[in-house]
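Residue strings, one per chain:
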Amino acid sequence: MLALLVLAGAGGAYAWHGHEKAATKPAARAPAAVPVTLAQVEQGPLAVVLGGLGTVQAYNTVQVRSRVDGEILKIGFREGQVVRKGDLLAQVDPRPYQAALDQAKAKKAQDEATVKNAKADLERYTKLGDYASRQQTDTQTATVNQLTAQIAGDQAAIDNAATQLSYATIQAPIDGVTGFRLIDVGNIVNAAQQTAIVTITQVEPIFVVYTAPEEQLGDMMRALAAGPVPVEAWSTDGMAKLSEGRLDLVNNQVDVATGTIRLKASFANKDHALWPGVSVSTKTRTGTVANAVTVPDDAVQHGPKGLYAFVVDDQSRARVQPIAVGRSNDGRTQVLKGLTPGQTVIWRGQSRVQEGALVAQAQPASPREDRQADNSAPVSSEAR
């Protein structure tokens, strides 16, 4: 009997301790807030920017050739040098052309002496009056006229010889950058040969020829009619802006095979950031939307039912909001329907967020990370 009492007492003590342990067990923790980056829905002007791809073209390209025959005595440029109009590029042996010029000048001096004597004879015949026959006077008059005309021909020969002599000094016809030297000192050149001495490309200013979908033609034409249309040239990856210029030309026809229109923009290019043949992406600003509702590009998400954004309510919980969007520029996308200015949306970190999830503002990114994120944004886009 005593043993039973002891066992019963031990059992009661164990049950009491178990109940106390269960009573002191902590309650389950609430789910932690998902760290995200938040942004505000803003309203304000949004530039209408149309993107494209193009190729840089030199403003002018000249293949410099000799216009006379002779030996190259001197090369006056370095490969890759920036030259100005009139700079010496090459010197052809000028001696034969200098001799031809001197000969033409001597011939003119000789003919001038002859015509001077002929005019003196004509004056004497005229003074003789009836003592000189009419035939003598007429013949002498014709001789003077003939010699005078010959002097005019001598002057033309002098001008031609001087021109040929000037061609022996080959000068840069435009401002630009020289390419590879194709002929060396000591070589014989002639006016008929096809090989150029050097090619010069003008890079200040410079052109970018690019294409745009034919649907954008109306926007381009209206913008041109309103005034200068700014164009920016960017690297093809959209990471670096190379130069700023303006739209000069919309081609006079659409390419029916591709459904695109060709455009030409000019750039001052003082820093030579653009180089002939380089591929670039372009941003053409055709207007501004005055009161556009915008969000950061990364706030727009793609789902099975279309585009949406996570809106954060007053209880810091994420709600899926279907939206319709328009154009995108400078890292922000125009929202046509679904959001109103002042709302808070999730900018980054949506991968761990679900409908109704509790969210919290993450630690702000460093300025360097923000710049990298902004640079990773698309160059430009139409309606998604």
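The chain is annotated in an unreviewed UniProt entry as RND transporter of Methylobacterium platani JCM 14648. According to the UniProt record, the Sequence similarities (unreviewed entry) comment for the chain is "Belongs to the membrane fusion protein (MFP) (TC 8.A.1) family."

**Student:** How should I be thinking about the nonpolar core in this particular structure?
**Tutor:** Side chains that are nonpolar tend, in soluble globular proteins, to be buried together. Judged by nonpolar contacts, the single largest core of 24 residues is most densely connected at Ile72, Leu89, Val92, Ile170, Ile197 and Ile200. Discounting residues that sit within four places of it in the chain, Ile197 has contacts with Val64, Ser66, Ile72, Phe77, Ala90, Ile170, Phe180, Arg181, Leu182 and Ile183. With 21 residues, the next largest nonpolar core counts Val208, Tyr210, Val229 and Ile261 among its residues.

**Student:** Which parts of the structure should I look at to understand unusual backbone geometry?
**Tutor:** Apart from glycine, the bulk of residues carry a negative phi angle, and the bulk of peptide bonds sit in the trans form. In the segment running from Glu204 into Pro205, the intervening peptide bond is cis, with an omega of -5°. Structurally, the position occupied by Pro205 is in strand S9 (residues 198–213). The residue Asn269 is not glycine, and still its phi comes out positive at about 60°. Relative to the assigned elements, Asn269 resides in the loop between strand S12 (260–267) and strand S13 (279–296). Look at Asp330: it is not a glycine, yet its phi comes out positive at around 55°. With respect to the helices, strands and loops of the structure, Asp330 is situated in the loop between strand S17 (324–329) and strand S18 (332–337). Under the relative-accessibility criterion, Asp330 is labelled exposed at 63%.

**Student:** For this particular structure, what's the right way to read the pattern of salt bridges?
**Tutor:** Between side chains of opposite charge, a pair can form as their charged atoms come close. Applying the stated criterion across every chain yields a total of 15 salt bridges. Residues Arg84 and Asp175 are paired through a salt bridge, measuring 3.9 Å at the closest nitrogen-oxygen approach. A residue pair is termed long-range when its members are at least 10 positions apart, and Arg84 in the loop between strand S4 (82–83) and strand S5 (88–92) and Asp175 in the loop between strand S6 (169–171) and strand S7 (176–178) qualify at 91 residues. Relative accessible area serves as the criterion here: at 32%, Asp175 is assigned to the partly exposed category. A network of salt bridges, in which partner residues are shared, links Lys107, Asp111 and Asp154.

**Student:** For this particular structure, what's the right way to read the side chain of Thr178?
**Tutor:** Mapped onto the secondary structure, Thr178 falls in strand S7. For Thr178, a relative accessible area of 5% corresponds to the buried category. Among the polar contacts listed, one links the side chain of Thr178 to the backbone oxygen of Arg78, at a separation of 2.9 Å. With near-sequence residues (within four places) excluded, Thr178 lies in contact with Phe77, Arg78, Glu79, Gly80, Gln81, Val83, Val198, Thr199 and Ile200.

Reading the values: the criteria
- Residues numbered from 1 in each chain as written.
- Predicted model: local features only at pLDDT ≥ 70, side-chain atom pairs only at ≥ 80, totals over all residues.
- Heavy atoms only, no water.
- UniProt positions renumbered as here; feature names shortened; annotations may be inferred.
- Core = buried A, V, L, I, M, F, W, Y, C linked by side-chain atoms within 4.5 Å.
- Buried < 20%, exposed > 50% of the residue type's maximum accessible area, 1.4 Å probe, protein only.
- Contact = heavy atoms within 4.5 Å.
- Helix = DSSP H or I, 4+ residues; strand = E, 2+ residues; numbered from the N terminus.
- Salt bridge = Lys/Arg side-chain N within 4 Å of Asp/Glu carboxyl O.
- Polar contact = N/O pair within 3.5 Å; in protein donor to acceptor, adjacent residues only side chain to side chain.

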